[in-house]
Amino acid sequence: MAQDDGQWRWNETPVTDPAALEALFHALAAQPTPPEVQVIPRHATRWDAVAAILASAQRQGVTTLALAQPPDSGDHGQ
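Residues numbered from 1 in each chain as written. Predicted model: local features only at pLDDT ≥ 70, side-chain atom pairs only at ≥ 80, totals over all residues. Heavy atoms only, no water.

### So, the pattern of salt bridges
So the rule is basically this: By definition, a salt bridge exists where a carboxyl oxygen of Asp or Glu is found within 4 Å of a side-chain nitrogen of Lys or Arg. Helix and strand assignments come from DSSP, with helices taken as H or I runs of at least 4 residues and strands as E runs of at least 2, each series counted from the N terminus. Accessible area is worked out with a 1.4 Å probe on protein chains only. A residue is then buried under 20% of its type maximum, exposed over 50%, and partly exposed in between.
Tallying each qualifying case throughout the model produces two salt bridges. Salt-bridge contacts for Arg 59 lead to Glu 22; the nearest nitrogen and oxygen are separated by 2.6 Å. Separated by 37 residues along the polypeptide, Arg 59 in helix H2 (residues 47–59) and Glu 22 in helix H1 (residues 18–29) bring together distant segments of the chain. Using a relative accessible area of 55% as the deciding quantity, one classes Arg 59 as exposed. Using a relative accessible area of 19% as the deciding quantity, one classes Glu 22 as buried. Notably, a salt bridge pairs Arg 46 with Asp 48, separated by 3.1 Å at the nearest N-O pair. Using a relative accessible area of 58% as the deciding quantity, one classes Arg 46 as exposed. The class of Asp 48 is partly exposed, set by a relative accessible area of 46%.

### Focus: the packing of H1 against H2
Filter applied, for reference: Angles shown run from 0 to 180 degrees and are taken between the N-to-C directions of axes, each axis being a line fitted to C-alpha atoms and, for helices, limited to the stretch in contact. To sort the angles, those under 35 degrees are grouped as roughly parallel, those over 145 as roughly antiparallel, those from 65 to 115 as roughly perpendicular, and the leftovers as oblique. Crossing handedness: left-handed means the near helix sits turned counterclockwise from the far one by under a right angle, and right-handed means the same turn made clockwise. In this description, contact between two residues means that some pair of their heavy atoms is separated by no more than 4.5 Å. Only Asp, Glu, Lys and Arg are considered charged in this grouping, and only Ala, Val, Leu, Ile, Met, Phe, Trp, Tyr, Cys and Pro are considered nonpolar; every other residue, Gly among them, is considered polar.
Across the interface, H1 lies against H2 with an axial gap of 8 Å and an inter-helix angle of 50°. In terms of their interaxial angle, H1 and H2 are classed as oblique. Taken as a pair, H1 and H2 cross one another with a handedness that is right-handed. Listed contacts from H2 to Leu 21, Glu 22 and Phe 25 of H1 are Ile 53, Ser 56, Ala 57 and Arg 59. Of the residues in the contact of H1 with H2, the class split is four nonpolar, one polar and two charged.

### Some remarks on the environment of Leu 24
With respect to the helices and strands, Leu 24 occurs in helix H1. Sequence separation of Leu 24 and Ala 57 is 33 residues, and the distance between their C-alpha atoms is 9.0 Å. With near-sequence residues (within four places) excluded, Leu 24 lies in contact with Trp 10 and Val 15.

### Section: the environment of Ala 68
Relative to the assigned elements, Ala 68 resides in the segment after strand S5 (65–67). Between the C-alpha atoms of Ala 68 and Arg 42, which are 26 residues apart in sequence, the distance is 9.9 Å. Sequence-distant contacts of Ala 68, defined by excluding residues within four places in its chain, comprise Gln 38, Val 39, Ile 40 and Pro 41.

### Side note on the pairing of strand S2 (residues 7–10)
Heads up, the condition is: Strands are labelled as partners when DSSP assigns at least two bridges between them.
Taking every second residue as pointing to the same face, the buried face of S2 carries Trp 8 and Trp 10, while none of Gln 7 and Arg 9 on the other face is buried. Where S2 lies against strand S3 (residues 13–15), three bridges are found, and the strand directions are antiparallel. Paired with Arg 9 across the bridge in S3 is Pro 14. In this antiparallel pair of consecutive strands, S2 and S3, the connection spans two residues, and Asn 11 shows a positive phi of 50°.

Distances and angles like these do not, on their own, reveal function.
Take a look at the structure:
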């Protein structure tokens, strides 16, 4: 999951509706062996937005979360 240009993506598919994101988390958590969710914020992403996504995943029962470093896009926080 990554945010780019103000838009969240789930496996490269844009997700703009918070309810849709919660449904994705819920379905993932219901799997017999749920995979790890990797949250990959871009350099300029606000941390309150990241915290909201992590909280959403936790509310839906996701137990394995990782905060990953974004690929080097050359923006370096600019």
